[in-house]
Amino acid sequence: MDTLFNPFSLKDKVVVISGAASGIARQCAISCSKMGARLILLDLNGVGLAETMKLVDSPEYHFYSCLNLLDYDKVSQVIKEAVNQVGKINGLLNCAGISTTNLFKITKPEELDKFFHVNVYTAYFLTQECCRVGNWAKEGGSVVFFSSVAGNLGEIGKSTYGMTKAALLNLSKHLACELARRKIRVNSISPGAICTPINMNLPHMKDPEKRAVLEAQHLLGLGEISDVANACIFLLSDASRWVTGTNLFVDGGYSVK
Ligand SMILES: NC(=O)c1ccc[n+]([C@@H]2O[C@H](COP(=O)([O-])OP(=O)(O)OC[C@H]3O[C@@H](n4cnc5c(N)ncnc54)[C@H](O)[C@@H]3O)[C@@H](O)[C@H]2O)c1
């Protein structure tokens, strides 16, 4: 048996991860570093990013920048600097995002604008900048957009968030067509409820009855951040070299019914 055979290896792949100061993206950074990737970590939370840098393997190989992705002009500059330092890009996890629960009848246009800007436009323009000729490696690679079960299915109070996540599902399919000739694969991932530190402090997670209802909606119970990170490793690695334009549910069976 070839003990070195590992189709999931990310050795020497350069991976950009947005939202890396917290939650799922932080775990993606840790797991990708363990799989051998060199990282470009972005987030507006500098303190959280510095904490992530303490947790990744071989921090000296990686680049990080405290960046608000809404500052579109700065994104270009930061990516250029990162590529000069770390190398041309093979992968991108568009993980940064914000979530809300708000009722349709009281939602204001400014709120919709804010959610579309943070969840959709930042991912669109970060992807555009990363895929600019000169930034992306010639051999191609993989882009992942973070959708959600709420982008695929209905839920009370999730229309604003869900619409932004549905937009990312559709964007990934169009970009899969546009970028295939450059061997850049584009997929989305749709997590169910994940036990992140932020989620664990939400009132409905602290209430045992409400938590039990949420758990029951997921056939395998609530997810861990490593469940999503492992799925991202698959999508970033050569193990998924023939996978593009698809949406991967990582939801413990939430979407089955
Ligand atoms: N946690 C879940 O249960 C869950 C379920 C489905 C989908 N998701 C999606 O997964 C992704 C990560 O979720 P999480 O729970 O880890 O979130 P999180 O709140 O822990 O992390 C999101 C990160 O994005 C960063 N960010 C937000 N706006 C930014 C901006 N303008 N510029 C730069 N950085 C910005 C934040 O600073 C934060 O560090 C999100 O896109 C979320 O919608 C999460």
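All of these numbers come straight from a predicted model, not from anything done at the bench. (Residues numbered from 1 in each chain as written. Predicted model: local features only at pLDDT ≥ 70, side-chain atom pairs only at ≥ 80, totals over all residues. Heavy atoms only, no water.)

*Asks:* So what's going on with the overall build of the chain? Which residues, and what values?
*Replies:* Counting its regular elements, the chain contains nine helices and seven strands. By the compact-globule yardstick of 18 Å for 257 residues, the chain fits well, its C-alpha radius of gyration being 18 Å. For the chain, the residues scored as buried account for 49% of the 257 residues in total. For the chain, restricting intrachain contacts to residue pairs at least 6 apart in sequence, the fraction spanning at least 24 positions comes to 71%. Only carbon and sulfur atoms are counted for the fraction: they give 58% of the accessible area of the chain, which is about 13100 Å². (Helix = DSSP H or I, 4+ residues; strand = E, 2+ residues; numbered from the N terminus. Rg over C-alpha atoms; globule rule 2.2 N^0.38 Å. Buried < 20%, exposed > 50% of the residue type's maximum accessible area, 1.4 Å probe, protein only. Contact = heavy atoms within 4.5 Å. Areas by Shrake-Rupley, 256 points an atom, 1.4 Å probe, with all protein chains shown as cover.)

*Asks:* An account of the side chain of S31 is requested, with residue identities and associated values reported.
*Replies:* Here S31 lies in helix 1 (residues 23-34). Residue class for S31 comes out buried when judged on its relative accessible area of 11%.

*Asks:* Give me the site of the ligand: which residues, what numbers.
*Replies:* In the vicinity of the ligand lie 26 residues, with S22, I24, D43, C95 and Y161 positioned nearest. Note that an oxygen atom of the ligand is positioned 2.8 Å from one of the backbone N or O atoms of I24. The fraction of the free accessible surface of the ligand (830 Å²) that becomes covered by protein chains is 88%. (Near = heavy atom within 4 Å. Polar contact = N/O pair within 3.5 Å; in protein donor to acceptor, adjacent residues only side chain to side chain.)

*Asks:* Can you tell me about the packing of helix 1 against helix 2 (residues 46-55), naming the residues and giving the values?
*Replies:* Between helix 1 and helix 2, the shortest axis-to-axis distance is 9 Å and the interhelical angle comes to 30 degrees. One finds that helix 1 runs roughly parallel with respect to helix 2. Crossing angle aside, the handedness with which helix 1 passes helix 2 is right-handed. Here R26, A29 and I30 of helix 1 lie close against helix 2, whose contacting residues are G48, E51, T52 and L55. Classifying every residue of the contact of helix 1 with helix 2 by side-chain character gives three nonpolar, two polar and two charged. (Axes fitted to C-alpha atoms, helices over the stretch in contact; angles between N-to-C directions. Parallel < 35°, antiparallel > 145°, perpendicular 65-115°, else oblique. Left-handed = near helix turned anticlockwise from the far one by under 90°. Nonpolar A, V, L, I, M, F, W, Y, C, P; charged D, E, K, R; others polar.)

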